Amino acid sequence: MKTFCGRANPTTGSLEWVEEDEDYDYHQEIARSRYADMLHDKDRNMKYYQGIRAAVSRVKGRGEKAIVLDIGTGTGLLSMMAASAGADFCYAVEVFKPMANAAVKIVEKNGFGDKIKVINKHSTEVTVGPDGDMQCRANILVTELFDTELIGEGALPTYEHAHKYLVQEGCEAVPHRATVYVQLVESKRMWSWNKLFPVHVEAEDGEKIIVSPSEMENCPGVPSVCDIQLNQMPSSDFTILSDVVTMFSVDFSKPVRSASTCYRAQLDPVKSGKAQIVLSWWDIDMDPSGTINCTMAPYWVKPMSAFQWRDHWMQCVYFLPKEEQVLQGEKVHLTACRDEYSVWYTLQKAREEDENKADARVESPVCRCQAHLLWNRPRFGELNDQNRTRQYIKSLMSVLRTDSVCLCISDGSLLPVLAHYLGAEQVFTLENSAVSCSVMKKFFKANHLEDKIKIVEARPELLTSSHLEEKKISVLVGEPFFTTSLLPWHNLYFWYARTAVTEHLASDVTVLPQSAALHMMIVEFQDLWRIRSPCGTCEGFDVQTMDDMIKNSLNFRESKEAEPHPLWEYPCKSLSNPQEVLLFDFRKTVPQHCLSTEGSVNLLRKGKSHGAVLWMEYHLTADISVSTGLMQISNEKGNCEWNPHCKQAVYFFSSVIESETLADVPTAVTNFCQVTGIL
């Protein structure tokens, strides 16, 4: 059966109706899943196997039958480990139907059909009894319900229910416990992801400073965790203010409470500084003694020789509600509050009379300034990038005149303020949403510009002369940045907007940026390839069925599309030179025909061609450009430095091309219109 679905095209801004297969959502979820990443996580799989063997052995040692409940079984891997370790029977629960069907096939293929029952339900719907899904309660509870924050996938309520209704009292649990660790740091880089710093503008009539509204300065931001690959954060980008301390632990072998609560830890600052960020990670002990341990600790905490790359579990960055000055040797208290799915932190100065008292519960942070709803964390970082801002200032200075009438088309951009300070006679800004309008009004008010810059809340195609006070636009500017953009070329919406407002532009209008170019380069990833690589066998179990299912879902559509990744977190080396693929001239309107190109790329270095990286470069003027992708190739090995504020597009090749010599190896990369879905 086919279904017509409305899909917003971020590039054109239009709603398009497309015919979708009824299983499209399933295919999309499977194709974009991290199952392959988990199956390639050797450390995780080995530790789980060791823990399961030990748990089965302890139960058998007591003369009991080993009955296992595996919640969130996925491929059935952990249940097969248990059956292989001697478990008498396993109940494998999986709520996602396509995954449950795959688990049944994998279990049968590996010869465990008589030992493992796959139950396609949410664990809270599983029944126990002679006529139930489970004949009896289990005495071994095995789960992998964790995300980077540990509890974000609902682990706590799931465990709470399981202990009440599905497992025996005093059961074995794998993992046995989880422990959350924290460390207090100062980091201008990470703090720039949550607060907007003052912007200094050198104008003809002196220095101007763009400041944030006080409401934004005092806003705690949004409660969602910022999860990143901390192992890619250089030590020069943060200052450690405290030792690593344990924040809280959860014993999964005992009844678990999911109700909101707070934990408190005392910190002794090892250095004076501004406490801005709480870095956090966790580890899991697979056995009661803690000898089988799987940790997410970053490189400065554990030796790199023990480092296991993984993308399904990373590390957390939490922003304190406000920065606090701490002094070396002067104790402070860190409070962690959590609900069922998230954690947040506050810091207090220690007081003698309060040292043994629990802090009052702190409510989850809520953004009231709306800027954190408009701008995500990379966008905050981008707005705080002084080098980038200087490029825009330099280019604006070269095109603005004292009689310039300027129109800005970008979401929540500071360009209108820059244009005003740099001498434009009149500035309009086109804001597509109520949120961006609200934020920009607050910005203009904080900088006393309410009557200097006019906000137009309208879509480009609905812009009228009256909006512009019957004036023609002499300078059209954009970063461009739009909140709906996921892939680099989605910001080409600026081109469509420019085309829509053509009638309002002067005949000699200056468009900034004047053009954009799509660039491409073939790369070898250090680790990111694992998320798309077939596994074959995992800890001796055949999971080819899972590989086939992912491949089938990728072929459904996803393999024909690129996907966004922040490549500063995922090291890679270039195997080819970067090359321009398509050029988009914003001085002209969008052409009626489809833009496409094809060609070949010569590989310059030995390596495995995992895929192509694509990004946009915006030519602000003839001699000033900003890149959303490659910043530089840093050495002869081809190691790449990427723009840290943008996600680049990665197109994974269906098969890896391995070159052992430097001979030219033509790699056809054809029909970019199809690959990118640009126009």
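No experiment lies behind these values; they were computed from the predicted model shown.

Engineer: Looking at this structure, I do not really get the overall build of the protein. What am I missing?
Structural biologist: A tally of regular secondary structure across the protein gives 16 helices and 37 strands. Buried residues in the protein amount to 56% of all 679 residues. Of the roughly 28,900 Å² of accessible surface on the protein, 48% is carried by carbon and sulfur atoms.

Engineer: For this particular structure, what's the right way to read helix α13 (residues 434-446)?
Structural biologist: Note that an α-helix has 3.6 residues per turn; residues three or four places apart therefore point the same way. In this model, α13 (13 residues) spans 18 Å end to end at C-alpha, consistent with the 18 Å of a helix rising 1.5 Å per residue. All of the buried residues in α13 are S436, C437, S438, V439, M440, F443 and F444. On its buried face, α13 sits against β10 (206-210), α8 (214-217), α9 (371-374), α12 (415-421), β21 (426-431) and β22 (453-457). Positioned one or two residues after α13, H448 has a phi angle of 60°, which is positive.

Engineer: For this particular structure, what's the right way to read the side chain of R532?
Structural biologist: Position of R532 among the secondary structure elements: in the loop between β25 (515-525) and β26 (537-538). We classify R532 as buried; its relative accessible area is 16%. Among the polar contacts listed, one links the side chain of R532 to the side chain of E563, at a separation of 3.1 Å.

Engineer: For this particular structure, what's the right way to read the sheet that holds strand β3 (residues 67-71)?
Structural biologist: Whether parallel or antiparallel, the strands of a sheet pair through hydrogen bonds between backbone atoms. The strand order across the open sheet built from five strands is β5-β4-β3-β6-β7, with neighbouring strands paired in parallel fashion. Sheet topology places β5 (116-119) and β7 (167-174) at the edges, where each strand pairs with a single neighbour. Ignoring which end each strand starts from, the neighbouring axes of this sheet average 25° apart. As defined by bridge partners, β3 adjoins strand β6 (residues 138-143) across four bridges and the pair is classed as parallel. Each residue of the ladder has a partner; that of L69, found in β6, is L141. Packing of helix α4 (residues 77-84) onto the sheet brings it into contact with β3, β4 (89-93), β5 and β6, and relative to β4 it is tilted by some 175°.

Engineer: Please clarify how the pairing of β6 should be interpreted in this entry.
Structural biologist: Within a regular strand, side chains alternate between the sheet's two faces. Burial analysis of β6 places six of its six residues in the buried class, the great majority of the element. Note that β6 and β7 share four bridges and pair parallel. Bridge assignment links I140 to a residue of β7, and that residue is E172. Regarding topology, helix α6 (residues 155-165) serves as the crossover connection from β6 to the parallel β7, and that connection is right-handed.

Engineer: Quick question: what am I supposed to make of the state of the cysteines here?
Structural biologist: Think of a disulfide as a covalent bridge from one cysteine sulfur atom to another cysteine sulfur atom. This structure, assessed with the given rule, holds one disulfide. Two residues, C262 and C337, share a disulfide whose sulfurs are 2.4 Å apart. Measuring the twist about the S-S bond at about 90°, one finds the C262-C337 disulfide to be right-handed. Of this pair, C262 sits in strand β14 (residues 261-267) while C337 sits in strand β18 (residues 332-338), and the two are 75 residues apart along the sequence. Residue C262 is classed as partly exposed on the basis of its relative accessible area of 21%. Left without a disulfide partner, C367 is nearest to the cysteine sulfur of C369, which lies 3.8 Å away.

Engineer: Would you mind showing me how to read unusual backbone geometry here?
Structural biologist: Residues apart from glycine generally show negative phi values, whereas peptide bonds are mostly found in trans. Between V174 and P175 the backbone carries a cis peptide bond, its omega angle lying at 5°. Residue placement: P175 occurs in the loop between β7 and β8 (177-186). Residue P513 follows L512 across a cis peptide bond; omega there is 5°. Along the chain, P513 turns up in the loop between β24 (505-512) and β25.

Engineer: Help me understand the pattern of salt bridges in this model?
Structural biologist: Where charged atoms of side chains with opposite charge meet at close range, the side chains can pair. Under the defined criterion, the tally for this structure stands at 27 salt bridges. Taking the shortest distance from any N to any O, the salt bridge between E64 and R62 comes out at 3.3 Å. What makes E64 partly exposed here is its relative accessible area of 30%. A single salt-bridge network, built from bridges that share partners, covers D41, D43, K47 and R310.

Engineer: I would appreciate a short explanation of the nonpolar core in the present structure.
Structural biologist: Nonpolar side chains in soluble globular proteins tend to be buried together. Judged by nonpolar contacts, the single largest core of 114 residues is most densely connected at L69 and Y345. Element by element, the count of residues in this core is highest for strand β15 (residues 273-285), at seven residues. If sequence neighbours within four positions are ignored, L69 has contacts with Y91, V93, M134, A138, I140, L141, V142, L166 and V167. Grouped together as the second largest cluster of nonpolar side chains are 86 residues, V405, L407, I409 and L487 included.

Engineer: Even after reading the chapter, I still don't get the pairing of β10, so can you show me in this structure?
Structural biologist: Sheet topology places strand β9 (residues 199-203) next to β10; five bridges connect them, and they run antiparallel. Bridging from a neighbouring strand, H200 pairs with I209 of β10. Where β9 folds back on β10, the antiparallel hairpin that results is connected by two residues.

Engineer: Is there a simple way to think about the sheet that holds β18 in this case?
Structural biologist: Taken in spatial order, the three strands line up as β14-β18-β19 in an open sheet, and their pairing is antiparallel. Looking at the sheet topology across the chains shown, the edges are occupied by β14 and β19 (343-349). Direction aside, the axes of adjacent strands within the sheet are offset by 20° on average. Taken together, the seven bridges between β18 and β19 define a ladder with antiparallel strand orientation. Looking across to β19, one finds that V332 is bridged to K349.

Engineer: Whenever I open this one, the environment of V222 confuses me. Can you help?
Structural biologist: Mapped onto the secondary structure, V222 falls in the loop between α8 and β11 (226-228). In this structure, the C-alpha to C-alpha distance between V222 and L373, residues 151 residues apart in sequence, is 7.6 Å. In this structure V222 touches C367, H372, L373 and R377, once residues within four positions along its chain are discounted.

Engineer: Please explain helix α5 (residues 97-109) as it appears in this structure.
Structural biologist: Compared with an ideal rise of 1.5 Å per residue, which puts 13 residues at 18 Å, α5 spans 18 Å between its outermost C-alpha atoms and is within 8% of the ideal. Taken residue by residue, α5 has P98, M99, A100, A102, A103, I106 and V107 as its buried positions. Downstream of α5 by one or two residues, G111 has phi in the positive range, about 80°.

Engineer: Just to check I follow, could you spell out the packing of helix α3 (residues 42-61) against α4 for this structure?
Structural biologist: The relative placement of two packed helices comes down to the angle between their axes together with the axis-to-axis distance. Closest axis-to-axis distance for the α3/α4 pair is 9 Å, and the angle between their directions is 40°. The angle between α3 and α4 places the two elements in the oblique class. Seen from above, α3 lies across α4 with right-handed handedness. Where α3 abuts α4, its residues R44, N45, Y48, Y49, I52 and V56 lie against L77, L78, M81, A82 and S84. When grouped by side-chain class, the residues that make up the contact of α3 with α4 number eight nonpolar, two polar and one charged.

Engineer: Teacher, can you tell me more about the packing of aromatic side chains here?
Structural biologist: Each pair of aromatic rings is reported with the distance of its centres and the angle of its planes. Here the structure, examined in full by the defined rule, presents 23 aromatic pairs. Seen in terms of ring centroids, W193 and W568 are 6.4 Å apart; in terms of plane orientation they differ by 50°. Their pairing is tilted. Here W568 lies in the loop between β28 (563-565) and β29 (572-574) and W193 lies in the loop between α7 (188-191) and β9, a separation of 375 residues in the sequence. Note on W193: relative accessible area 9%, which makes it buried. Since its relative accessible area comes to 14%, W568 is described here as buried. Grouped by ring-pair contacts, the aromatic residues F146, Y159, F252, W282 and W313 constitute a single cluster. The ring centre of Y49 lies 3.7 Å from the NZ or CZ of R53, which sits over that ring. Directly above the aromatic system of W568 lies the positively charged group of R189, at a separation of 4.5 Å from the ring centroid.

Calculation criteria
- Residues numbered from 1 in each chain as written.
- Predicted model: local features only at pLDDT ≥ 70, side-chain atom pairs only at ≥ 80, totals over all residues.
- Heavy atoms only, no water.
- Helix = DSSP H or I, 4+ residues; strand = E, 2+ residues; numbered from the N terminus.
- Buried < 20%, exposed > 50% of the residue type's maximum accessible area, 1.4 Å probe, protein only.
- Areas by Shrake-Rupley, 256 points an atom, 1.4 Å probe, with all protein chains shown as cover.
- Expected span 1.5 Å × (residues − 1).
- Contact = heavy atoms within 4.5 Å.
- Polar contact = N/O pair within 3.5 Å; in protein donor to acceptor, adjacent residues only side chain to side chain.
- Pairing = 2+ DSSP bridges.
- Axes fitted to C-alpha atoms, helices over the stretch in contact; angles between N-to-C directions.
- Right-handed = clockwise from strand over helix to strand, strands pointing away.
- Disulfide = S-S within 2.5 Å.
- Salt bridge = Lys/Arg side-chain N within 4 Å of Asp/Glu carboxyl O.
- Core = buried A, V, L, I, M, F, W, Y, C linked by side-chain atoms within 4.5 Å.
- Parallel < 35°, antiparallel > 145°, perpendicular 65-115°, else oblique.
- Left-handed = near helix turned anticlockwise from the far one by under 90°.
- Nonpolar A, V, L, I, M, F, W, Y, C, P; charged D, E, K, R; others polar.
- Phe/Tyr/Trp six-rings, centres within 6.5 Å; stacked < 30°, edge-to-face > 60°.
- Lys NZ or Arg CZ within 6 Å of the ring centre and 35° of its normal.

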